[in-house]
Amino acid sequence: MRERITGFSDLIYGPLAFGTNARSSVLTDWPGGGFIGIHGTNQPEILPGRVSHGCVRMPNSAVLRLSRLMSLGTPVTII
């Protein structure tokens, strides 16, 4: 994980997001050029689903717990 992002104006992203070093080869219109993130959502009814631009979306409670367990620089593998 390379960064922790908070303060979103759109709460669809939840209370925080983790920026990873992974990049999308098809997402070019996203800020920063298509970095893939891990974030919460204020719409838990959409989980699980294919509504993302390539990010991993999870319940807010889970992303907050992950925030307590994972520090910057932690290697992340998504399978």
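First, a word on what this report is: a plain description of the structure on this page. One numbering rule holds for all chains: residues counted from 1, following each sequence as written. Residues qualify for local features only when their pLDDT is at least 70, as the model is predicted, and side-chain atom pairs are given and counted only at 80 or more; totals for whole chains, interfaces and linings, by contrast, use all residues. Side-chain numbers here rest on the full set of heavy atoms in the structure, without hydrogens or water.

Below, the discussion takes up the environment of S71. In this description a helix means any DSSP run of H or I spanning at least four residues, a strand means any run of E spanning at least two, and both kinds are numbered starting from the N terminus. Tracing the chain through its elements places S71 in the segment after helix 1 (60-69). Any two residues having at least one pair of non-hydrogen atoms within 4.5 Å are treated as being in contact. Other than its neighbours up to four places away in sequence, S71 contacts M1 and R4.

This brings us to the environment of V56. Here V56 lies in strand 4 (residues 56-57). With residues near it in sequence (within four places) discarded, V56 still touches G37, I38, H39 and I78.

Here we take up the pattern of salt bridges. By convention in these notes, a salt bridge is any Lys or Arg side-chain nitrogen within 4 Å of a carboxyl oxygen on Asp or Glu. Under the defined criterion, the tally for this structure stands at one salt bridge. Its salt-bridge partner being R2, residue E3 comes within 2.9 Å of it at the nearest N-O pair. Partly exposed residues are those whose accessible area sits between 20% and 50% of the maximum for their type, while under 20% is buried and over 50% is exposed, using a 1.4 Å probe and protein chains only. Classification of E3 as partly exposed rests on a relative accessible area of 28%.

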